[in-house]
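In case you want the letters, here they are:
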Amino acid sequence: MDGDVSVAVYTEGSNGFQQECQQKEDLTNGHKHTPILNGLPPGNGFKENGSVNGNSYLRSVPISALKQNGVLQSLAAGGDQSKAEEVNSELERAQQEWDALESIQPVLVEDLAPSALISFNEALQHFQTTDLGDLLKNIQPTVRRTGFAAITHFLFGPPRLHKELLEERDLVFAIAQCSLENTQPVHMRVLQTIYRKLTGTRADCPRYGPHWENVGFQGTDPATDLRGTGFLGLMHTLYMVMDPETLPLARDIYKLSQHPVQNFPFCVMSINMTRIALHALREEVLSKECNRRQQVVGVLNDFYVATFLHLHQLWKSQKKTISDSGYVLKEVELFAKKNPKQILRRLEAFLQERRAGIGHRTSPDTLSHSNPSPGNRESRISGQGAKEGKEMNFTGVCELPPEMEGEARLI
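Here the residue numbering is sequential within each chain, running from 1 through the sequence in written order. Reporting in this predicted model follows two pLDDT cut-offs: at least 70 for local features of residues, and 80 or more for side-chain atom pairs to be given and counted; totals over whole chains, interfaces and linings ignore these cut-offs and use all residues. Working from all heavy atoms in the structure, the side-chain values ignore hydrogens and water.

(A) Geometry of the confidence of the model for the chain. Of all residues in the chain, 59% attain a pLDDT of 70 or more, and the chain-wide mean is 75. Segment residues 36–40: pLDDT under 50, and 12 contacts once partners within four positions in sequence are set aside and those in other chains are kept. Confidence over residues 107–111 falls short of pLDDT 50; this stretch has 7 contacts with residues more than four positions distant or in other chains. One confidence number per residue, pLDDT, is output by the predictor and ranges from 0 to 100. Contacts are residue-level and defined by heavy atoms, with any inter-residue pair within 4.5 Å sufficient.

(B) The pattern of salt bridges, seen in detail. We count a salt bridge whenever a side-chain nitrogen from Lys or Arg sits within 4 Å of a carboxyl oxygen from Asp or Glu. Scanning all chains against the criterion turns up 13 salt bridges. Between E289 and R292 there is a salt bridge, with its nearest N and O atoms 2.6 Å apart. Note that E289 and R292 are positioned in helix 12 (residues 287–293) at a spacing of 3 residues, about one turn of the helix. Working definition: with a 1.4 Å probe on protein chains only, accessible area under 20% of the residue-type maximum means buried, over 50% means exposed, and in between means partly exposed. On the basis of relative accessible area, E289 is assigned to the buried category, the value being 16%. On the basis of relative accessibility, which here comes to 52%, the residue R292 falls in the exposed class. Between K337 and E333 there is a salt bridge whose closest N-O contact spans 3.2 Å. Placement of the pair is K337 and E333 together in helix 14 (residues 325–338), with a separation of 4 residues, close to one helical turn. Secondary structure is summarised from DSSP: a helix means a run of H or I of at least four residues, a strand means a run of E of at least two, and numbering begins at the N terminus for each.

(C) Region of interest: the side chain of S287. Looking at the element boundaries, S287 is found in helix 12. If we skip the residues at most four places from it in the chain, S287 touches P159, R160 and L161.

(D) Highlighting the packing of helix 11 (residues 266–282) against helix 14. Between N-to-C directions, angles span 0 to 180 degrees; the directions come from axes that are lines fitted to C-alpha atoms, helices contributing only their stretch in contact. Running from amino to carboxyl end, helix 11 crosses helix 14 at an angle of 35 degrees, the nearest separation of the two axes being 10 Å. Taken as a pair, helix 11 and helix 14 cross one another with a handedness that is right-handed. Every residue of helix 14 that contacts helix 11 at M269, N272, M273, R275, I276, H279 and A280 is listed here: L329, V332, E333, A336 and K337. Classification used: nonpolar for Ala, Val, Leu, Ile, Met, Phe, Trp, Tyr, Cys and Pro, charged for Asp, Glu, Lys and Arg, polar for all others including Gly. Its residues placed into classes, the contact of helix 11 with helix 14 shows 7 nonpolar, 2 polar and 3 charged. In a left-handed crossing the near helix is turned counterclockwise from the far helix by less than a right angle, and in a right-handed crossing that turn is clockwise.

(E) Highlighting the packing of aromatic side chains. Only the six-membered ring of Trp is used, alongside the rings of Phe and Tyr, when aromatic pairs are assigned; centres must lie within 6.5 Å, and planes under 30 degrees apart are stacked while those over 60 apart are edge-to-face, with the rest tilted. Counted according to the given criterion, the structure contains 8 aromatic pairs. Where Y254 meets F266, the ring centres are 5.8 Å apart and the plane angle is 90 degrees; that geometry is what we call edge-to-face. Of this pair, Y254 sits in helix 10 (residues 247–257) while F266 sits in helix 11, and the two are 12 residues apart along the sequence. For the pair formed by Y254 and F266, the shared burial category is buried. Taken together through their ring pairs, the aromatic side chains of Y254, F266, Y304 and F308 make up a single cluster. Two conditions define a charge located above a ring, namely a distance within 6 Å from the ring centre to NZ of Lys or CZ of Arg, and an angle within 35 degrees of the ring normal. Here the basic side chain of R207 rests over the ring of Y208, its NZ or CZ set 4.4 Å away from the ring centre.

This is the structure we're talking about:
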C-alpha cells in the first residue's frame, strides 16, 4: 500500500467550530509528517494530553489500531454496548448451567415409584377387552384325530365341552399365542408383580438383567422363555402368587428351587406346568370338570396349581435334582393328564389343611370378588378361590413323547 494513509478526527474548538486534526504517515519510507490542525502546527493551543483550550479531542490513530481495539466494531454496531453485555451474560449463564449438568446423577429404576401390583382378574380383563381376532385364527383348541383314533375318542373319550364355554376356551389359547410386549403397561405390571411377590422386594426391577435368573428365568430377558407358552405362562404364575391361598405354596416351591442341591429354575418350571395344563385342555382331559363347574379359566388355573403341587411334593420327597428334571416332568405330566380329578382333589385337601392350620384368609384382591370374570364363578363350591386360566406352550426340560406336537423342552 503506497502513499500516505490519514485519519481525520474532528473535535470542537474553543471558538465553537470544528477543528480538523490530520496525521499523515508515509508508509513507504517510515517518515512521519507533522500533524496539522486547521492549518496550525502543534503547540498552538494544544496540550500534551490532547486537549485544545481545555476541551478534549480524539487523537488520530491508524486504521489498523482501530481494528485491533474494537472501536470500528463498536461503531458498526451503532455503539450498542449494552446488547453485547447482555449476550455475554446469557452465554455465561448457559455455560454455568451446562457445567452443572455434570453433577446430575441418573435416576435408577429402583428409585422410581414402584408400579401398582396387578391382580390376575385385572390382567385377564385386559385380554378380554383386547382384539385377539388374528390370534384366534391360529389356535388349535382340540387335538386332531383321524381314523380309528377319532372313532375311539368319540365312543370312549371324555365328553365334549359345552358350547357356551367354547369362547372362554378359545380365549385361553389366544392368550397362549400372545408375546410379552414392552409397550403394554399391563404386561410390564404382570412381570413386575411376579418378581416382587416372589422376592419380597418393593421396588420395580429393570426390564432386562441377570436379576431375572433369581426367580428362575434362564437369561436376562424373560420373554425368551415364553416362546413355547406365550403370555399364559406369566398369567399362571401371576395367579399363583396373587391368590392368598396359593401364595404360601408358591413361596415354598420357590424356596425349594433355591436349594443348594435340589435347585431348579422356578419360572421355567412354572411354564412347564402351564404347558401340561394346556395340553390337558386341548386333549379334552378337563372338559368334564369344566362342564361341571361351568368355567374353563378357573379349572385350568386349579389344574396348573395342582400339577405344580404334585411336582413339588415329588421333587422334595424323592430329593430330585435338575439332572432328574426330564424324567420327573414326564412322570408328572402323564399322572396329571390320566388323573385330573384326583390331582384336583389333592390340591383341595392341601389347601383345606393349610386353612385349618393358619386360618382362612380373605383375599385382598377385591376385584376378583366384586367383578368376577369367567373363571371366577365357582371357586366357593370347591373350597378354593375362584381361579382363571390362560394357555401357553412351554420350552421344557424333558424329552417329550413324539406324539406331543408343539411342546417345548426345558433347557
